[in-house]
Amino acid sequence: MSTTGRKRKGATPPEDSGVPSKKPRAAKSAKGKKGTQPDAPVWPEYFNSALNTVLAFCSSRKNFAITFPVVRASVEAMLHEPLELAKVAELKALLPEIVKFAYTPRIELRIHSDHQPGSSRRERSPDYSAFRTASASSSLVNDEDEDEHVLVLDFIDNSRGKKPGDTGLAYALPPALTPAATKKLVERRNNRFVQAVNELLKATPESEDPVTLLQSAAREHIPVHPGLKDSAPGASQADVKVKYRQIPEPEHRPSIEEVIADVEQQDWYQEQIQYRRIFEARQGQLATLEPPLSDTISQALRDSRKITSLYTHQVSAINALARHKHVIVSTSTASGKSVIYQVPFLQFLEADPDSTAIFVYPTKALAQDQRAALEQLLYSCPGLNHVKVSTYDGDTPQELRAGIRDTSSVIFTNFDMLHASILPHEDQWRRFLKNLKLVAIDELHYYSGIFGSHVARVMRRLRRVCAAVGNRRARFVSCSATISKPRQHMQNISGIEESKIEAVTEDGAPAGRKDFLVWNPPLKDPMDHSLGRLHSMTEATRLMRFLMARGVRVILFCKIRKSCELAMKTLRQELSADGRHDILERVMSYRGGYSQEDRRRIEREAFSGNLLGIVATNALELGVDIGVLDAVIMLGFPIGGLASFRQQTGRAGRRARDALSILVADALPVDQHYVNHPEELFDRATDELMIDLESKIILEAHLQCAAHEMPITAEDEVYFGGSMVEICEAKLTKDKEGWYHTHPRYLPYPSKHVSIRGAEEEKYSVVDVTRIGKPGGTAHILEEIELSRALFEIYEGAVFIHQGLTFLVQEVSHDSKMAKLVRSDVNWITEPRDFTNVDAIQTTRIREIKGSPHRAFYGRIELFTLVYGYFKLRNKAIIDAVDLDTPAWQRETTGLWLDVPKPVLQMMYDHGINPAEAIHAACHAFLNRFALAADLRTECKVPEKEYKASASQRKRPARLIFYEPSGKTGGVAVKAFDHVNDILRDAHDRVESCDCDEGCTACVVSSSCKEGNVVSSKVGALIVLKALLGQPIDVDLLEEGLEENQAIYDTVVEATSVRLAEGVEVERSM
């Protein structure tokens, strides 16, 4: 393995990495022109032009793109002479990255649709695509054409006032600037123009004329009328050379090393590669099974998969199963782990045709993939090609389920079905369970936290039922990505003694060379860092187009569903503009929410290798063999942290070819942390997987289910642990013979009262009604959306994206849970204007904080969400704001909270420390030190609110608050409350000892923060934690947190006491 850890030429140093600075200082920029900069060259008279000033003035006055006729008329009025295109092209040549001068379809300047619903209370903003000025001179230019193209001239910069750096999140309306702000904007743009001219003059050899050079360069920037454009490949926006106008076949694609070298030669490459690490290819290590496989199984492996020998880890696992051991295999992705349980199942079938097996997968896509592989293997095995393989999941029709129970030898299922359908009806499954020889659980690392804790109880119920029907022979085998302590994790999940589990961790599979890149989007203008960086979405989709054009099969992972659809929409637009429909027809998006038919269709395309590109959420993060996949692009650091990052990285190179993995960093703090510390991505240990076997809430729920499957006796402690009898006595019903039965309130179906993934949410149907009223036109359901997402995605007027196609929400019925959509090619997206209050409403427990006069509280919490409007956004700029009148969403849950003392709150205000930043960072510090934090939430602070230019009317209490997501009742908040002293001290010690300056993933930054950790202060977090622990606060710490030139509005106010339940007493710390 080789590593390129140095910062590449031109890379931005850490202090300019896009992470918001907490000590902003205004740079002193030069005023005026030629003589304002040290050693400034003497300007030729040619460069003294009023163009830059006029353009700045125009762009500051209206919130719309500046069409060339508008600018031309203003300039000609000032200069009293015609303004030709060549003059403007010179400005573009001087400032190519920040001046936009191009033809744009008129539709892209619209801010209203023909289908715009009329429910908005706010009056429509004017539609600036209709703006036209006819009084300009008759220069030789088509500024509007019959195809509705408009020539646009605009500055790409930030004229919207102060924000804490380029967060990649905040939106703001470009306001009508005050005269002072207008003057400042004009001066800033003039100064940038001056810098560009000075750079040109300094770089021009004495023997050449800078004016001539500029005029020559400007010719390349004169916009070409769309109707006159040559369709030659060189004009393609995809930057694809002529030889790549035909997509190479997989075996003829260039090597990854060649591809990276090609990237670095592109005009758009600006040293974005900040780090490169090469994992060299490794040879496979073979071993021989003793005794060997039967001739028929060997033939099946050879015919179906071209397997003629087995790797060392496969042999070790199969041999262990033959010795009646249970097995966990923890090796790298694409190491052939499925063979480890498929081959033994074939051996069981040859020995006993009645043998059955259960294969459990976390996702339906993975189950579909593996089922096809097993069917092919069985079909190729003489004597076993009649064996019936079935999928048994939530999509399985009711009328087929009885037949599957009676005739199938192996089922592909999930833990939800085991819990809710198979175990509750064990009497109907007895044939299958009596003959059960093998239970295989794929992707075991997926099961952790509260969900994993439920799964652990389901596994114990399964083992108990099997034993009850006389089957103690079933062997359990698990496959996992590389994790720490695999044997312990399998023991926690299954309840099997650790001594009976064999862990196989030595990977004998071969692997091709893999290149890994950290890609940081470049600054929009290297001379003006305040403009921030290019958007990561732009960079990721451009890379994806570049790779696909060269025959590189690529998957683009997005963090959330909306990003997935936006990326697909961007690819659809850009590939269409390039004329690359041959690529576009081989690209699809894949995410949760799609209908069963859509999912299966996309999965078929993916597994067959027909697709050239897939845009996906983490739904495809797990071990699906997505054809011949050569490259992975991650759009931002994954929410799931390092474990998720390594899973996604492993999706490429699954067939021993060279592969590429690219992390395209967002401007968020967590991403920029890994830009500056990329070695941690591979060298830092992942967190230990946590299973809560002490949760009495989870145990009681599954005891109610287990007692319904068959009554519980004291002997069942071997499955359910020492606290079983105590819970049964208190919560279940005991008969005269001492058997425990399900409590009547859980009957008749206890499993329906216990959701192992949390309460099922109501869902809204999203219906396309575009063709209603047209010949043969019918409505059809695009997808179903959970209530928690529907409120933010399908309000009236919202732009909804499905497979990269845009729809407008025309009507929403909250009574029938239905949204009607119409297809519309709008060129904006919508973002809800909303807020969520997380408020403690009743205290049921109080706990002492050891050594402190302060207390921790536990009780009922109310969540209140209101969507009161939405913004229309284009290129992250707001083009319109609309009010809505929608019902609020209120729900209750449980949680814990700690109130920041009033003197400390005032102290922070007095010393210029933002309390919102301090509290938010302290919440993350607490969660970072709590093992089950994945199942706990906090109130993340929103930058748009905390950094508003004016005071906010919405005040929040100075309180650290943590709650369980509504619908989940795993007792996580109780566990955090019971251990609050240890967690607080651990968080304090970690923050205080951390070497970072502004906060990192080890102290106050969370990869799962839904607001991107923008509102954060490490110093503030330490002050809050010290205050809660009753420790003195050093004056130097207060001075260190002092922020200059930043107004802090009182968005955070003193926390008031919460209503106390009757009989609550303070619990002492031990």
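Heads up: these notes are all about the structure in this document. Bear in mind the structure is a predicted one, so any value in this text is a computation, not a measurement.

### Some details on the pairing of strand β11 (residues 436-441)
- Burial runs high along β11: six of the six residues are buried.
- With five bridges connecting them, strand β8 (residues 356-360) and β11 associate as parallel partners. Residue pairing in the sheet places Ala357 in a bridge with Leu438 of β11.
- Alignment of β11 against strand β12 (residues 475-480), held across four bridges, turns out to be parallel. When the sheet's bridge partners are listed, Ile441 is paired in β12 with Ser478.
- The β-α-β motif built from β11, the intervening helix α14 (residues 449-468) and the parallel element β12 has right-handed crossover chirality.

### Considerations on the packing of helix α31 (residues 980-993) against helix α32 (residues 1018-1028)
- It is at 10 Å that the axes of α31 and α32 come closest, and there the two elements cross at 145 degrees. In this structure, the crossing between α31 and α32 has a hand that is left-handed. Only Lys1018, Leu1022, Leu1025, Lys1026 and Leu1028 of α32 make contact with α31, whose side of the interface consists of Leu984, Ala987, His988, Val991 and Glu992.
- Of the residues that constitute the contact of α31 with α32, the class distribution is six nonpolar, one polar and three charged.

### A few points about the nonpolar core
- Membership of the largest hydrophobic core comes to 87 residues, with the highest contact counts inside it found for Leu681, Leu896, Leu898, Leu936, Leu960, Phe962 and Leu984.
- With nine residues, the top contributor of residues to this core is helix α28 (residues 915-928).
- Each of domain 3 (514-683) and domain 6 (835-866 + 887-1067) gives at least three residues to this core.
- Those residues in contact with Leu960 that sit more than four places away from it in its chain are Leu896, Trp897, Leu898, Val900, Ile919, Ala922, Cys923, Val1024 and Leu1028.
- Residues Leu547, Leu556, Cys564 and Leu584 belong to the second largest nonpolar core, which totals 51 residues.

### Description of the pattern of salt bridges
- Inspection of the entire model under this criterion finds 53 salt bridges.
- Here Lys437 and Asp352 are joined by a salt bridge, their closest N and O atoms 3.3 Å apart. Of the two residues, Lys437 sits in strand β11 while Asp352 sits in the loop between α9 (338-351) and β8, which places them 85 residues apart along the sequence.
- Here the residues in one salt-bridge network are Glu257, Arg276, Arg513 and Asp515, joined through shared partners.

### Re the sheet that holds strand β25 (residues 805-813)
- Sheet architecture is open: five strands sit in the order β23-β22-β26-β25-β24, paired in mixed fashion. A single partner strand is all that each edge strand has here, and the edge strands are β23 (780-786) and β24 (799-802). The sheet shows a mean angle of 35 degrees between the axes of neighbouring strands, taken without regard to direction.
- Set on the sheet, helix α17 (residues 561-578) makes contact with β23, β24 and β25; between it and β24 the angle comes to about 75 degrees.

### Quick look at helix α3 (residues 85-94)
- Within α3, eight of the 10 residues are buried, which leaves the element mostly enclosed by the surrounding structure.
- Turning to α3, its buried residues are Leu85, Val88, Ala89, Glu90, Leu91, Lys92, Ala93 and Leu94.

### As for the environment of Lys388
- Among the structural elements, Lys388 can be located in the loop between α10 (364-379) and β9 (389-391).
- Overall, Lys388 belongs to the partly exposed group, its relative accessible area being 37%.
- Considering only alpha carbons, one finds Lys388 and Leu378, 10 residues apart in sequence, at a separation of 9.2 Å.
- Setting aside anything within four residues of it in sequence, one finds Lys388 in contact with Gly403, Thr407, Ser408, Ser409 and Val410.
- Polar contacts involving the side chain of Lys388 include one to the side chain of Thr407, which spans 3.0 Å.

### Regarding α32
- Summarising burial for α32: 11 of the 11 residues are buried, a large majority.
- Of all the positions in α32, only Lys1018, Val1019, Gly1020, Ala1021, Leu1022, Ile1023, Val1024, Leu1025, Lys1026, Ala1027 and Leu1028 are classed as buried.
- You can read the cap of α32 off the contacts: a side-chain oxygen lies 2.9 Å from the backbone nitrogen of Gly1020, and it is on Ser1017.

### Brief notes about the environment of Leu201
- Turning to its location among the elements, Leu201 is positioned in helix α4 (residues 179-203).
- Residue classification places Leu201 among the buried positions, given a relative accessible area of 12%.
- For the pair Leu201 and Pro41, spaced 160 residues apart in the sequence, the C-alpha separation amounts to 6.7 Å.
- For Leu201, the contacting residues outside a window of four places in its chain are Pro41, Val42, Trp43, Pro44, Phe47 and Pro210.

What counts and how
- Residues numbered from 1 in each chain as written.
- Predicted model: local features only at pLDDT ≥ 70, side-chain atom pairs only at ≥ 80, totals over all residues.
- Heavy atoms only, no water.
- Buried < 20%, exposed > 50% of the residue type's maximum accessible area, 1.4 Å probe, protein only.
- Helix = DSSP H or I, 4+ residues; strand = E, 2+ residues; numbered from the N terminus.
- Pairing = 2+ DSSP bridges.
- Right-handed = clockwise from strand over helix to strand, strands pointing away.
- Axes fitted to C-alpha atoms, helices over the stretch in contact; angles between N-to-C directions.
- Left-handed = near helix turned anticlockwise from the far one by under 90°.
- Contact = heavy atoms within 4.5 Å.
- Nonpolar A, V, L, I, M, F, W, Y, C, P; charged D, E, K, R; others polar.
- Core = buried A, V, L, I, M, F, W, Y, C linked by side-chain atoms within 4.5 Å.
- Domains from an automatic or database assignment.
- Salt bridge = Lys/Arg side-chain N within 4 Å of Asp/Glu carboxyl O.
- Polar contact = N/O pair within 3.5 Å; in protein donor to acceptor, adjacent residues only side chain to side chain.

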